[in-house]
Amino acid sequence: MEQRSAWGSKIGFILASAGSAIGLGAMWKFPYVMADNGGAAFLFLFIIFTMFIGLPLLLAEFVIGRHGKTYSTEVFGKLTGNKYFNLIGHLGNIGVFLLLSFYSVIGGWILLYMIRTIYVIVTKQHTKHYEALFGTLISNPLYAIFGAALFIFLTAYIVSKGIQGGIEKASKIMMPLLFVAFVVIIIRSLTLPHAMTGVIYFLKPDFGSMNSEGVLFALGQSFFSLSVGFGGMLTYASYLDKKTDLVQSGVSVVALNILVTILSGLAIFPATASLGIDNAQGPGLLFIVLPYVFDQLPMGSVFYLIFLSLFFFATITSSISLIEINVSNYIKHNESKRKQGVYLISILLFILCIPSALSSGVLSEVKFGAGTFFDNMDYLVSNIMLPIGALCFALFTGYRLDKAVAREELMDEKYRGLFKVWSFLLKYIIPIVIITVFITMIMK
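Colleague: Can you walk me through the overall build of the chain in this structure?
Modeller: Of the regular secondary structure elements, the chain holds 19 helices and zero strands. Projected onto its principal axes, the C-alpha positions of the chain cover 65 × 50 × 45 Å. In the chain, which comprises 444 residues, the share counted as buried stands at 59%. Summarising the internal contacts of the chain: among those between residues at least 6 apart in sequence, 83% fall at separations of at least 24. Within the structure as shown, the chain displays about 17900 Å² of accessible surface, and the carbon and sulfur contribution to it stands at 67%. On the chain, the mean spot of the 30 positive side-chain charges and the mean spot of the 22 negative ones are 6 Å from each other.

Colleague: Is there a simple way to think about a nonpolar patch on the surface in this case?
Modeller: Residues Phe44, Ile48, Met51, Phe52, Val251 and Val421 make up a contiguous nonpolar surface patch of roughly 500 Å² in combined accessible area. A residue is classified by how much of its surface remains accessible, and methionine 51, at 32% relative accessible area, is partly exposed.

Colleague: Honestly, the packing of helix H16 (residues 338-357) against helix H17 (residues 373-400) in this entry has me stumped. Any pointers?
Modeller: Angle between the axes and distance between the axes are the two parameters that describe a pair of packed helices. Relative to each other, H16 and H17 sit at 115°, their axes nearing to 7 Å. Across from Leu352, Pro355 and Ser356 in H16, the residues of H17 making contact are Phe373, Phe374 and Met377.

Colleague: Would you take a moment to explain helix H1 (residues 10-21) for this structure?
Modeller: Residues spaced three or four apart along an α-helix face the same direction, because each turn holds 3.6 residues. Over its 12 residues, H1 extends 17 Å from the first C-alpha to the last, a length consistent with the 16 Å expected when each residue adds 1.5 Å. For H1, the buried fraction is high: 10 of the 12 residues fall into the buried class. Among the residues of H1, Gly12, Phe13, Ile14, Leu15, Ala16, Ser17, Ala18, Gly19, Ser20 and Ala21 are the ones counted as buried. Where the residues of H1 are buried, they touch helix H4 (40-68), helix H9 (163-190), helix H12 (232-237), helix H13 (246-274) and helix H15 (300-331).

Colleague: Honestly, the pattern of salt bridges in this entry has me stumped. Any pointers?
Modeller: One side chain can pair with another of opposite charge once the charged atoms of both are near each other. Inspection of every chain in the model, using the stated rule, returns six salt bridges. In this structure, lysine 242 and glutamate 408 form a salt bridge, with 3.9 Å as the shortest nitrogen-oxygen distance. Remark: glutamate 408 occurs in helix H18 (residues 403-410) and lysine 242 occurs in the loop between H12 and H13; sequence separation between them is 166 residues. Take lysine 242: its relative accessible area is 48%, and that puts it in the partly exposed class. Notably, a salt bridge pairs glutamate 324 with arginine 338, separated by 2.9 Å at the nearest N-O pair. Separated by 14 residues along the polypeptide, glutamate 324 in helix H15 and arginine 338 in helix H16 bring together distant segments of the chain. For the pair formed by glutamate 324 and arginine 338, the shared burial category is buried. Here the residues in one salt-bridge network are Arg66, Lys242, Glu408 and Glu409, joined through shared partners.

The rules we used
Residues numbered from 1 in each chain as written. Predicted model: local features only at pLDDT ≥ 70, side-chain atom pairs only at ≥ 80, totals over all residues. Heavy atoms only, no water. Helix = DSSP H or I, 4+ residues; strand = E, 2+ residues; numbered from the N terminus. Buried < 20%, exposed > 50% of the residue type's maximum accessible area, 1.4 Å probe, protein only. Contact = heavy atoms within 4.5 Å. Areas by Shrake-Rupley, 256 points an atom, 1.4 Å probe, with all protein chains shown as cover. Lys, Arg positive; Asp, Glu negative; His and termini not counted. Charge placed at Lys NZ, Arg CZ, Asp CG, Glu CD. Patch = residues over 30% accessible without salt bridge, like charges linked within 9 Å, V, L, I, M, F, W, Y side chains within 5 Å. Salt bridge = Lys/Arg side-chain N within 4 Å of Asp/Glu carboxyl O. Axes fitted to C-alpha atoms, helices over the stretch in contact; angles between N-to-C directions. Expected span 1.5 Å × (residues − 1).

Below you can see the structure in the form of C-alpha coordinates.
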(Lines give C-alpha, C1' and ligand atoms only; values in the text may rest on other atoms or scores of the structure.)
Protein backbone atom coordinates (compact mmCIF):
# COMPACT_ATOMS: atom_id res chain seq x y z
CA MET A 1 0.00 0.00 0.00
CA GLU A 2 1.44 3.37 -1.06
CA GLN A 3 2.02 5.82 1.78
CA ARG A 4 3.84 8.87 0.43
CA SER A 5 6.15 10.78 2.75
CA ALA A 6 6.33 14.57 2.80
CA TRP A 7 8.32 17.36 4.42
CA GLY A 8 6.59 19.12 7.25
CA SER A 9 8.01 22.55 6.32
CA LYS A 10 10.08 24.38 3.73
CA ILE A 11 12.83 25.13 6.27
CA GLY A 12 13.05 21.43 7.10
CA PHE A 13 13.66 20.63 3.43
CA ILE A 14 16.29 23.37 3.05
CA LEU A 15 18.17 22.38 6.22
CA ALA A 16 18.12 18.70 5.27
CA SER A 17 19.32 19.51 1.73
CA ALA A 18 22.04 21.81 3.07
CA GLY A 19 23.06 19.09 5.52
CA SER A 20 23.35 16.67 2.62
CA ALA A 21 25.55 19.11 0.69
CA ILE A 22 27.75 20.17 3.63
CA GLY A 23 30.19 17.31 4.01
CA LEU A 24 33.75 16.69 5.11
CA GLY A 25 35.25 18.08 1.90
CA ALA A 26 33.81 21.54 2.54
CA MET A 27 35.16 21.55 6.09
CA TRP A 28 38.62 20.03 5.97
CA LYS A 29 39.84 20.29 2.37
CA PHE A 30 38.25 23.23 0.61
CA PRO A 31 39.42 25.96 3.07
CA TYR A 32 43.06 24.94 2.52
CA VAL A 33 42.77 24.71 -1.25
CA MET A 34 41.15 28.13 -1.20
CA ALA A 35 43.89 29.63 0.98
CA ASP A 36 46.64 28.18 -1.23
CA ASN A 37 45.02 29.31 -4.49
CA GLY A 38 44.36 32.99 -4.10
CA GLY A 39 42.18 33.16 -0.99
CA ALA A 40 39.19 35.40 -1.66
CA ALA A 41 40.04 35.38 -5.38
CA PHE A 42 39.56 31.61 -5.45
CA LEU A 43 36.39 31.93 -3.37
CA PHE A 44 34.99 34.43 -5.88
CA LEU A 45 35.76 32.02 -8.73
CA PHE A 46 34.17 29.12 -6.83
CA ILE A 47 31.00 31.12 -6.18
CA ILE A 48 30.71 32.02 -9.88
CA PHE A 49 31.18 28.38 -10.91
CA THR A 50 28.73 27.20 -8.25
CA MET A 51 26.02 29.58 -9.44
CA PHE A 52 26.46 28.60 -13.11
CA ILE A 53 27.44 24.92 -12.74
CA GLY A 54 26.43 23.55 -9.34
CA LEU A 55 23.12 25.38 -8.88
CA PRO A 56 21.71 24.40 -12.32
CA LEU A 57 22.53 20.74 -11.57
CA LEU A 58 20.95 21.03 -8.14
CA LEU A 59 17.81 22.52 -9.68
CA ALA A 60 17.77 19.74 -12.26
CA GLU A 61 17.57 17.16 -9.46
CA PHE A 62 14.89 19.22 -7.72
CA VAL A 63 12.79 19.42 -10.90
CA ILE A 64 13.07 15.71 -11.72
CA GLY A 65 12.37 14.68 -8.14
CA ARG A 66 9.35 16.86 -7.44
CA HIS A 67 7.66 16.29 -10.79
CA GLY A 68 8.33 12.55 -10.79
CA LYS A 69 7.12 12.10 -7.20
CA THR A 70 8.76 8.70 -7.05
CA TYR A 71 12.00 6.95 -6.18
CA SER A 72 15.17 7.46 -8.21
CA THR A 73 15.28 4.05 -9.90
CA GLU A 74 11.84 4.63 -11.48
CA VAL A 75 11.55 8.38 -12.02
CA PHE A 76 13.56 8.63 -15.26
CA GLY A 77 11.48 5.98 -16.99
CA LYS A 78 8.28 7.54 -15.66
CA LEU A 79 9.16 10.95 -17.10
CA THR A 80 10.19 9.65 -20.54
CA GLY A 81 8.25 6.42 -21.03
CA ASN A 82 11.59 4.66 -21.58
CA LYS A 83 12.60 2.39 -18.70
CA TYR A 84 16.23 2.24 -19.88
CA PHE A 85 16.75 5.76 -18.54
CA ASN A 86 16.23 4.28 -15.08
CA LEU A 87 19.85 3.12 -15.34
CA ILE A 88 20.76 6.66 -14.19
CA GLY A 89 18.92 6.03 -10.94
CA HIS A 90 20.47 2.60 -10.51
CA LEU A 91 23.95 4.11 -10.99
CA GLY A 92 23.24 6.57 -8.18
CA ASN A 93 21.80 3.83 -5.96
CA ILE A 94 24.98 1.78 -6.29
CA GLY A 95 27.23 4.85 -6.04
CA VAL A 96 25.86 6.07 -2.70
CA PHE A 97 26.09 2.57 -1.25
CA LEU A 98 29.77 2.38 -2.17
CA LEU A 99 30.32 5.94 -0.93
CA LEU A 100 28.80 5.14 2.46
CA SER A 101 31.04 2.08 2.79
CA PHE A 102 34.10 4.30 3.32
CA TYR A 103 32.38 7.52 4.46
CA SER A 104 31.04 5.60 7.47
CA VAL A 105 34.59 4.66 8.41
CA ILE A 106 35.56 8.34 8.69
CA GLY A 107 32.35 9.02 10.62
CA GLY A 108 33.40 6.24 12.98
CA TRP A 109 36.80 7.86 13.54
CA ILE A 110 35.06 11.11 14.52
CA LEU A 111 32.81 9.29 16.99
CA LEU A 112 35.79 7.48 18.53
CA TYR A 113 37.62 10.77 18.98
CA MET A 114 34.53 12.34 20.55
CA ILE A 115 34.36 9.47 23.05
CA ARG A 116 38.09 9.77 23.74
CA THR A 117 37.87 13.57 24.19
CA ILE A 118 35.05 13.19 26.72
CA TYR A 119 37.29 10.70 28.57
CA VAL A 120 40.15 13.24 28.54
CA ILE A 121 37.86 15.98 29.90
CA VAL A 122 36.78 13.73 32.75
CA THR A 123 40.15 12.14 33.61
CA LYS A 124 42.48 14.98 32.43
CA GLN A 125 44.81 12.35 30.90
CA HIS A 126 46.25 14.13 27.87
CA THR A 127 48.79 12.90 25.35
CA LYS A 128 51.26 14.77 23.16
CA HIS A 129 51.71 11.97 20.62
CA TYR A 130 48.68 12.62 18.43
CA GLU A 131 50.10 11.14 15.24
CA ALA A 132 50.85 7.86 17.00
CA LEU A 133 47.43 7.95 18.68
CA PHE A 134 45.65 8.38 15.35
CA GLY A 135 47.67 5.57 13.78
CA THR A 136 46.89 3.25 16.68
CA LEU A 137 43.18 4.04 16.60
CA ILE A 138 42.57 3.55 12.86
CA SER A 139 44.77 0.44 12.67
CA ASN A 140 43.04 -1.33 15.56
CA PRO A 141 40.39 -3.54 13.90
CA LEU A 142 38.04 -3.53 16.90
CA TYR A 143 38.09 0.26 17.23
CA ALA A 144 37.74 0.88 13.49
CA ILE A 145 34.88 -1.58 13.01
CA PHE A 146 33.10 -0.48 16.19
CA GLY A 147 33.29 3.19 15.16
CA ALA A 148 31.89 2.50 11.69
CA ALA A 149 29.14 0.30 13.13
CA LEU A 150 28.14 2.99 15.64
CA PHE A 151 28.03 5.64 12.93
CA ILE A 152 25.90 3.43 10.65
CA PHE A 153 23.55 2.63 13.55
CA LEU A 154 23.03 6.33 14.40
CA THR A 155 22.35 7.13 10.75
CA ALA A 156 19.94 4.19 10.45
CA TYR A 157 18.10 5.15 13.62
CA ILE A 158 17.40 8.67 12.33
CA VAL A 159 16.32 7.50 8.86
CA SER A 160 14.10 4.77 10.34
CA LYS A 161 11.97 7.49 11.99
CA GLY A 162 10.84 8.73 8.59
CA ILE A 163 10.99 12.06 6.79
CA GLN A 164 9.30 14.37 9.31
CA GLY A 165 9.99 12.41 12.50
CA GLY A 166 13.56 11.46 11.65
CA ILE A 167 15.40 13.29 8.85
CA GLU A 168 13.63 16.66 9.16
CA LYS A 169 13.64 16.66 12.96
CA ALA A 170 17.34 15.74 13.12
CA SER A 171 18.24 18.40 10.53
CA LYS A 172 16.35 21.09 12.45
CA ILE A 173 18.40 20.22 15.53
CA MET A 174 21.85 19.48 14.10
CA MET A 175 22.15 22.22 11.48
CA PRO A 176 21.47 25.09 13.93
CA LEU A 177 23.82 23.41 16.43
CA LEU A 178 26.48 23.25 13.73
CA PHE A 179 26.32 27.02 13.26
CA VAL A 180 26.21 27.69 17.02
CA ALA A 181 29.33 25.54 17.46
CA PHE A 182 31.00 27.46 14.62
CA VAL A 183 30.31 30.76 16.37
CA VAL A 184 31.85 29.47 19.62
CA ILE A 185 34.98 28.15 17.91
CA ILE A 186 35.44 31.22 15.70
CA ILE A 187 35.14 33.62 18.64
CA ARG A 188 37.77 31.60 20.50
CA SER A 189 40.09 31.47 17.46
CA LEU A 190 39.78 35.18 16.70
CA THR A 191 40.63 36.14 20.30
CA LEU A 192 44.00 34.36 20.12
CA PRO A 193 47.23 36.41 19.69
CA HIS A 194 48.13 37.07 16.02
CA ALA A 195 44.84 35.51 14.88
CA MET A 196 44.48 38.07 12.07
CA THR A 197 47.55 36.60 10.38
CA GLY A 198 45.52 33.46 9.74
CA VAL A 199 42.46 35.44 8.62
CA ILE A 200 44.57 37.39 6.10
CA TYR A 201 46.16 34.16 4.80
CA PHE A 202 42.71 32.70 4.26
CA LEU A 203 40.74 35.65 2.87
CA LYS A 204 43.26 37.96 1.19
CA PRO A 205 42.64 38.06 -2.59
CA ASP A 206 45.74 36.98 -4.49
CA PHE A 207 45.04 36.40 -8.17
CA GLY A 208 48.72 35.71 -8.80
CA SER A 209 48.55 32.51 -6.74
CA MET A 210 45.84 30.98 -8.90
CA ASN A 211 46.84 28.35 -11.44
CA SER A 212 45.10 25.94 -13.82
CA GLU A 213 44.93 23.21 -11.17
CA GLY A 214 43.17 25.56 -8.77
CA VAL A 215 40.69 26.61 -11.45
CA LEU A 216 39.90 22.97 -12.23
CA PHE A 217 39.43 22.24 -8.53
CA ALA A 218 37.00 25.16 -8.26
CA LEU A 219 35.12 23.77 -11.28
CA GLY A 220 34.95 20.29 -9.81
CA GLN A 221 33.91 21.49 -6.38
CA SER A 222 31.14 23.59 -7.91
CA PHE A 223 29.10 20.43 -8.44
CA PHE A 224 30.78 17.92 -6.10
CA SER A 225 30.19 20.14 -3.06
CA LEU A 226 26.41 20.27 -3.61
CA SER A 227 25.89 16.51 -3.40
CA VAL A 228 24.52 16.26 -6.95
CA GLY A 229 24.93 13.33 -9.33
CA PHE A 230 23.61 10.38 -7.35
CA GLY A 231 20.00 11.40 -6.75
CA GLY A 232 20.05 12.47 -3.12
CA MET A 233 18.56 15.87 -3.88
CA LEU A 234 16.15 14.21 -6.32
CA THR A 235 14.94 11.92 -3.53
CA TYR A 236 14.52 14.79 -1.07
CA ALA A 237 12.64 16.84 -3.71
CA SER A 238 10.25 13.95 -4.36
CA TYR A 239 8.79 14.60 -0.89
CA LEU A 240 8.11 18.29 -1.67
CA ASP A 241 4.77 19.99 -2.21
CA LYS A 242 4.09 22.25 -5.19
CA LYS A 243 4.18 25.43 -3.13
CA THR A 244 7.93 25.36 -2.42
CA ASP A 245 10.01 27.72 -4.56
CA LEU A 246 12.73 25.47 -5.99
CA VAL A 247 15.00 28.31 -7.14
CA GLN A 248 14.87 30.01 -3.76
CA SER A 249 15.52 26.69 -2.02
CA GLY A 250 18.47 25.93 -4.31
CA VAL A 251 20.05 29.33 -3.71
CA SER A 252 19.61 28.83 0.06
CA VAL A 253 21.41 25.47 -0.06
CA VAL A 254 24.26 26.98 -2.11
CA ALA A 255 24.56 29.94 0.26
CA LEU A 256 24.70 27.73 3.36
CA ASN A 257 27.35 25.53 1.75
CA ILE A 258 29.55 28.50 0.89
CA LEU A 259 29.02 29.96 4.36
CA VAL A 260 30.21 26.75 6.04
CA THR A 261 33.36 26.78 3.90
CA ILE A 262 34.16 30.34 5.03
CA LEU A 263 33.33 29.58 8.67
CA SER A 264 35.63 26.53 8.57
CA GLY A 265 38.52 28.67 7.46
CA LEU A 266 37.80 31.31 10.10
CA ALA A 267 37.73 28.58 12.75
CA ILE A 268 40.94 26.86 11.66
CA PHE A 269 43.43 29.40 10.31
CA PRO A 270 43.48 31.95 13.17
CA ALA A 271 44.20 29.13 15.64
CA THR A 272 46.97 27.49 13.59
CA ALA A 273 48.53 30.89 12.79
CA SER A 274 48.45 32.00 16.41
CA LEU A 275 50.25 28.90 17.60
CA GLY A 276 52.63 28.64 14.63
CA ILE A 277 51.29 25.24 13.52
CA ASP A 278 51.87 24.05 9.96
CA ASN A 279 48.65 23.92 7.96
CA ALA A 280 47.29 20.50 7.04
CA GLN A 281 44.15 19.11 5.48
CA GLY A 282 42.12 15.93 5.57
CA PRO A 283 42.34 13.49 8.49
CA GLY A 284 45.65 14.98 9.58
CA LEU A 285 43.92 18.29 10.32
CA LEU A 286 41.13 16.92 12.48
CA PHE A 287 42.88 14.10 14.29
CA ILE A 288 46.53 15.22 14.58
CA VAL A 289 46.90 19.01 14.16
CA LEU A 290 43.77 20.32 15.90
CA PRO A 291 44.14 18.22 19.08
CA TYR A 292 47.60 19.74 19.49
CA VAL A 293 46.27 23.25 18.75
CA PHE A 294 43.48 23.02 21.32
CA ASP A 295 45.84 21.50 23.87
CA GLN A 296 47.58 24.87 24.02
CA LEU A 297 44.37 26.70 25.01
CA PRO A 298 42.50 26.98 28.32
CA MET A 299 39.65 24.45 28.30
CA GLY A 300 41.11 23.20 25.03
CA SER A 301 39.56 19.73 25.25
CA VAL A 302 36.09 21.26 25.55
CA PHE A 303 36.64 23.40 22.47
CA TYR A 304 38.05 20.41 20.60
CA LEU A 305 34.93 18.41 21.48
CA ILE A 306 32.81 21.22 20.05
CA PHE A 307 34.94 21.17 16.90
CA LEU A 308 34.52 17.41 16.58
CA SER A 309 30.78 17.93 16.94
CA LEU A 310 30.89 20.24 13.91
CA PHE A 311 32.43 17.52 11.79
CA PHE A 312 30.06 14.91 13.16
CA PHE A 313 26.98 16.98 12.27
CA ALA A 314 28.33 17.59 8.76
CA THR A 315 29.15 13.91 8.28
CA ILE A 316 25.94 12.37 9.57
CA THR A 317 23.59 14.82 7.81
CA SER A 318 25.28 13.84 4.55
CA SER A 319 25.09 10.12 5.31
CA ILE A 320 21.39 10.44 6.18
CA SER A 321 20.60 11.71 2.68
CA LEU A 322 22.76 9.04 1.08
CA ILE A 323 21.15 6.10 2.85
CA GLU A 324 17.68 7.58 2.21
CA ILE A 325 18.25 7.06 -1.53
CA ASN A 326 18.64 3.31 -0.99
CA VAL A 327 15.75 3.21 1.48
CA SER A 328 13.44 5.10 -0.88
CA ASN A 329 14.22 2.66 -3.69
CA TYR A 330 13.62 -0.31 -1.38
CA ILE A 331 10.29 0.71 0.19
CA LYS A 332 8.78 2.17 -3.02
CA HIS A 333 6.48 4.59 -1.11
CA ASN A 334 5.37 1.92 1.36
CA GLU A 335 6.34 3.55 4.65
CA SER A 336 5.35 0.43 6.59
CA LYS A 337 8.51 -1.17 5.16
CA ARG A 338 10.81 1.71 6.17
CA LYS A 339 12.34 0.16 9.31
CA GLN A 340 12.81 -3.18 7.59
CA GLY A 341 14.50 -1.46 4.64
CA VAL A 342 16.69 0.78 6.78
CA TYR A 343 18.12 -2.01 8.92
CA LEU A 344 18.53 -4.47 6.03
CA ILE A 345 20.45 -1.87 4.03
CA SER A 346 22.47 -0.91 7.12
CA ILE A 347 23.52 -4.52 7.75
CA LEU A 348 24.66 -4.88 4.13
CA LEU A 349 26.44 -1.53 4.38
CA PHE A 350 28.24 -2.60 7.56
CA ILE A 351 29.47 -5.78 5.86
CA LEU A 352 30.73 -3.78 2.87
CA CYS A 353 32.47 -1.20 5.08
CA ILE A 354 34.62 -3.77 6.91
CA PRO A 355 37.40 -3.94 4.25
CA SER A 356 37.62 -0.12 4.24
CA ALA A 357 37.65 -0.04 8.05
CA LEU A 358 40.56 -2.51 8.06
CA SER A 359 42.50 -0.73 5.27
CA SER A 360 44.69 1.14 7.78
CA GLY A 361 45.33 -1.99 9.84
CA VAL A 362 45.32 -5.68 9.00
CA LEU A 363 44.53 -5.04 5.31
CA SER A 364 46.97 -2.15 4.88
CA GLU A 365 49.30 -4.30 2.77
CA VAL A 366 46.50 -5.41 0.44
CA LYS A 367 46.87 -2.91 -2.38
CA PHE A 368 45.62 -2.75 -5.95
CA GLY A 369 44.54 -0.06 -8.40
CA ALA A 370 44.48 3.22 -6.47
CA GLY A 371 45.89 1.69 -3.27
CA THR A 372 44.07 0.11 -0.33
CA PHE A 373 40.45 -1.04 -0.45
CA PHE A 374 39.48 2.30 1.14
CA ASP A 375 41.46 4.21 -1.53
CA ASN A 376 39.84 2.27 -4.35
CA MET A 377 36.31 2.87 -3.06
CA ASP A 378 37.09 6.58 -2.76
CA TYR A 379 38.62 6.74 -6.26
CA LEU A 380 35.81 4.77 -7.91
CA VAL A 381 33.06 6.89 -6.37
CA SER A 382 34.67 10.36 -6.41
CA ASN A 383 36.61 10.23 -9.68
CA ILE A 384 34.41 8.04 -11.86
CA MET A 385 30.85 7.38 -10.68
CA LEU A 386 30.00 10.86 -9.36
CA PRO A 387 31.12 12.77 -12.50
CA ILE A 388 29.30 10.26 -14.71
CA GLY A 389 26.17 10.65 -12.57
CA ALA A 390 26.32 14.45 -12.76
CA LEU A 391 26.82 14.26 -16.54
CA CYS A 392 23.79 11.97 -16.90
CA PHE A 393 21.61 14.42 -14.93
CA ALA A 394 22.75 17.34 -17.09
CA LEU A 395 22.16 15.53 -20.38
CA PHE A 396 18.84 14.04 -19.28
CA THR A 397 17.47 17.39 -18.15
CA GLY A 398 18.87 19.27 -21.12
CA TYR A 399 17.85 16.86 -23.89
CA ARG A 400 15.20 14.39 -22.67
CA LEU A 401 13.12 16.11 -20.03
CA ASP A 402 10.02 17.82 -21.44
CA LYS A 403 10.62 21.58 -21.32
CA ALA A 404 7.01 22.10 -20.28
CA VAL A 405 7.68 19.95 -17.20
CA ALA A 406 10.77 21.97 -16.31
CA ARG A 407 8.91 25.26 -16.74
CA GLU A 408 6.02 24.02 -14.62
CA GLU A 409 8.29 22.95 -11.76
CA LEU A 410 10.96 25.60 -11.88
CA MET A 411 9.57 28.79 -13.25
CA ASP A 412 7.71 31.35 -11.28
CA GLU A 413 7.00 34.54 -13.26
CA LYS A 414 9.97 36.24 -11.65
CA TYR A 415 12.34 33.54 -12.99
CA ARG A 416 10.98 33.37 -16.55
CA GLY A 417 13.97 35.16 -18.02
CA LEU A 418 16.38 32.67 -16.41
CA PHE A 419 14.85 29.53 -17.93
CA LYS A 420 16.68 29.76 -21.25
CA VAL A 421 19.98 30.36 -19.44
CA TRP A 422 19.41 27.32 -17.19
CA SER A 423 18.51 25.12 -20.17
CA PHE A 424 21.49 26.36 -22.24
CA LEU A 425 23.94 25.68 -19.41
CA LEU A 426 22.66 22.12 -18.91
CA LYS A 427 22.76 21.31 -22.63
CA TYR A 428 26.05 22.83 -23.70
CA ILE A 429 28.26 24.24 -20.94
CA ILE A 430 27.90 21.91 -17.95
CA PRO A 431 28.55 18.65 -19.88
CA ILE A 432 31.81 20.12 -21.22
CA VAL A 433 32.84 21.20 -17.73
CA ILE A 434 32.09 17.78 -16.23
CA ILE A 435 33.92 15.92 -19.00
CA THR A 436 36.94 18.22 -18.60
CA VAL A 437 37.08 17.66 -14.83
CA PHE A 438 36.50 13.92 -15.28
CA ILE A 439 39.37 13.52 -17.75
CA THR A 440 41.67 15.61 -15.56
CA MET A 441 40.88 13.52 -12.48
CA ILE A 442 41.42 10.11 -14.11
CA MET A 443 44.64 11.29 -15.82
CA LYS A 444 46.27 12.19 -12.47
